[in-house]
Amino acid sequence: MASEEKVSPHVILFPFLAHGHVPAFLRLADLLRARRPGLDVTLVSTPRILGSLSLPPASPPLRLHALPFSPADHGLPPGAESLADIQVHQFITFFQASESLRPAFEEFLSGFGSRSPVCIVSDAFFGWTADVARARGAPHAVFLPGGAFGNAVFFSVWEHLPHARTAADEFPLPDFPGVVLHRTQIPRYMLPATGADPWTAFFRRVIAFCRKTDAVLVNTVRELEPSGLNMLRRSLGVQPRPIGPVLAAPAPSDSRDDASIFRWLDAHPPRSVLYISFGSQNSISADQMRELALALEASGRRFLWALRPPLGSDAKGAFDPEWLPAGFEERAARASAGLVVRGWAPQVRVLAHPSTGAFLTHCGWNSVLESLSRGVPLLGWPLGAEQFFNAKLVAEWGVCVEVARGNLESSAVDKEKVAGAVRTVMGENATGDEMRRKAAAIARAMAAAWEAPGGSAAESLEGFLRCVEASVRRYAPL
Ligand SMILES: O=c1ccn([C@@H]2O[C@H](COP(=O)(O)OP(=O)(O)O[C@H]3O[C@H](CO)[C@@H](O)[C@H](O)[C@H]3O)[C@@H](O)[C@H]2O)c(=O)[nH]1
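- You'll find the protein chain entered in an unreviewed UniProt entry as Glycosyltransferase, with Panicum virgatum given as the organism.
- According to the UniProt record, the Sequence similarities (unreviewed entry) comment for the protein chain reads "Belongs to the UDP-glycosyltransferase family."

Take a look at the structure:
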């Protein structure tokens, strides 16, 4: 290179093919470019995912690079380029299929030539990019869109199989004995895992790659998760850099459906609406949906429910009236007691609306951060992945009441328990007041993390950028 001082990295961001991951990487692109104007950043994904992004005008525009992906070659539905497009039982096939992107990713990188300074920031699920980076002598980082405690526990649970033989309902984690889990907090695909199954093989590869990377960025706040960060450091052998909250930008508000949602919210008093969503890729069963509907009626509280098709039904299929109790939507509409949104809701803006008083969530980490950053307390109903551990954490923070667990038919939902919890969290009572007070304090801590100077997220990201700049100056292509 002509002048070492002039070298600046070209950062490649490679999120996993899922809605819970792509927006956080997009936001990371904004944060990087805001700190280093003119920095080249390329977001790599599949054609359909890139085509679905609505990017605000920016100068220079964010670069996008599409990798060809053919889900049908792996026995997946044609066009299924995101976890949101498939059923939970197909996830493992999708994870394995995602590894077929490697040759196209390598070819993309080879297009940079032998002397371009490139830093790769990948999703943990694309941890194999650590090997690709190493082969080029380029720095590599993993960005975890989830939290520190949730990820550390998730990794530990994969490393201490099998759980099918765990005799006690409760058991401590061997590497973190202070963390005690209940069998119902083990995701259903993990319970039968032995170590020789494809799920375990995939996630153990993920963990091994996370131990090879140069840096781990995590979507959490240093002041909120000191012990989770410590656990993650012990698990991965590198000091994770907390750069959160990395919050998805609100989606553009151009749809007529969205306008009617906000008109409806505008018509109700502050903090009077319970928002309900189970994220972008999970669902509860039809039986559980009906029970939840009855619980909402019994609670007497107003609700806005982003309703995805139930577990096991075709995610793209038509809405089936059997999913809800007879007359439920009509009764809710007549009394202005509730609104069912069939499909996607503008969640970030719903949570920011003053009428929203609480969020019944599966505890996906984006949902947790989006809610608490607005001071909105939670009702937890974790369904899979690390959601059970996120729910445990936020319950310990005093901002979540867990009302149910799991999405199997056998995971019973107690209508009275759900209704009672909704009344408590949304009510003018000591518990509800305390939860709102704690959620507001967390919102302030999240805002402070990005407030310059000295905000912990801003400081962590700056430290990361300096390390990347130092390593690309030493960049020695093979
Ligand atoms: O109707 C909807 C439903 C979801 N969302 C958005 O979709 C995202 C959902 O993300 P999250 O709450 O994290 O849930 P998942 O989509 O389930 O996320 C996956 O990725 C997360 C981050 O790694 C993990 O914490 C979860 O366990 C994993 O399932 C959020 O930004 C929501 O705002 C909407 O805008 N509208």
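Things to note about the confidence of the model for the protein chain
Moving on, step 1. Chain-level pLDDT for the protein chain is 92 on average; 95% of the residues reach the 70-or-more range.
Moving on, step 2. In the predicted structure, residues 1-5 sits below a pLDDT of 50 and forms four contacts with residues beyond four places in sequence or in another chain.
Moving on, step 3. For this predicted complex, the interface confidence reaches an ipTM of 1.00, while the overall pTM sits at 0.96.

Brief notes about the site of the ligand
Moving on, step 1. In the neighbourhood of the ligand, 24 residues make up the surrounding shell, with Ser 280, Ala 345, Ser 367, Glu 370 and Glu 386 lying closest.
Moving on, step 2. Residue Glu 386 places a side-chain N or O atom 2.5 Å away from an oxygen atom belonging to the ligand.
Moving on, step 3. One of the side-chain nitrogen or oxygen atoms of Gln 387 is found 2.9 Å away from an oxygen atom of the ligand.
Moving on, step 4. Relative to its unbound accessible surface of 700 Å², the ligand loses 95% to contact with the protein.
Moving on, step 5. Residue contributions to the shell around the ligand peak at four residues, all from helix H13 (residues 365-372).
Moving on, step 6. Its residues assigned to classes, the shell around the ligand comprises six nonpolar, 16 polar and two charged.

Side note on the packing of aromatic side chains
Moving on, step 1. Summed over all chains, the structure comprises 32 aromatic pairs.
Moving on, step 2. Aromatic side chains Phe 95 and Trp 199 sit 5.9 Å apart centroid to centroid with 85 degrees between the ring planes, which places their arrangement in the edge-to-face category. Of this pair, Phe 95 sits in helix H3 (residues 91-98) while Trp 199 sits in helix H7 (residues 198-210), placing them 104 residues apart in sequence. A single burial state applies to Phe 95 and to Trp 199, both of which are buried.
Moving on, step 3. On the numbers, 6.2 Å between centres and 50 degrees between planes, the contact of Phe 105 with Phe 108 is tilted. Residue Phe 105 and its partner Phe 108 are both found in helix H4 (residues 102-110); the two are separated by three residues, about one turn of the helix.
Moving on, step 4. By relative accessible area, which is 12% here, Phe 108 ends up buried.
Moving on, step 5. A cation over a ring is seen here: Arg 342 above Phe 319, with NZ or CZ 3.7 Å from the ring centre.

Re the packing of helix H6 (residues 148-159) against helix H14 (residues 387-396)
Moving on, step 1. Two elements in contact, H6 and H14, have axes whose closest approach is 8 Å; the angle formed by their N-to-C orientations is 135 degrees. Taken together, the axes of H6 and H14 are oblique relative to one another. The interaxial crossing formed by H6 with H14 has right-handed handedness. On H14, the residues touching Phe 149, Gly 150, Val 153, Phe 154 and Val 157 of H6 are Phe 389, Asn 390, Lys 392 and Leu 393.
Moving on, step 2. Considered class by class, the residues forming the contact of H6 with H14 number six nonpolar, two polar and one charged.

Definitions and limits used
- Residues numbered from 1 in each chain as written.
- Predicted model: local features only at pLDDT ≥ 70, side-chain atom pairs only at ≥ 80, totals over all residues.
- Heavy atoms only, no water.
- UniProt positions renumbered as here; feature names shortened; annotations may be inferred.
- pLDDT = per-residue confidence, 0-100.
- Contact = heavy atoms within 4.5 Å.
- Near = heavy atom within 4 Å.
- Polar contact = N/O pair within 3.5 Å; in protein donor to acceptor, adjacent residues only side chain to side chain.
- Areas by Shrake-Rupley, 256 points an atom, 1.4 Å probe, with all protein chains shown as cover.
- Helix = DSSP H or I, 4+ residues; strand = E, 2+ residues; numbered from the N terminus.
- Nonpolar A, V, L, I, M, F, W, Y, C, P; charged D, E, K, R; others polar.
- Phe/Tyr/Trp six-rings, centres within 6.5 Å; stacked < 30°, edge-to-face > 60°.
- Buried < 20%, exposed > 50% of the residue type's maximum accessible area, 1.4 Å probe, protein only.
- Lys NZ or Arg CZ within 6 Å of the ring centre and 35° of its normal.
- Axes fitted to C-alpha atoms, helices over the stretch in contact; angles between N-to-C directions.
- Parallel < 35°, antiparallel > 145°, perpendicular 65-115°, else oblique.
- Left-handed = near helix turned anticlockwise from the far one by under 90°.

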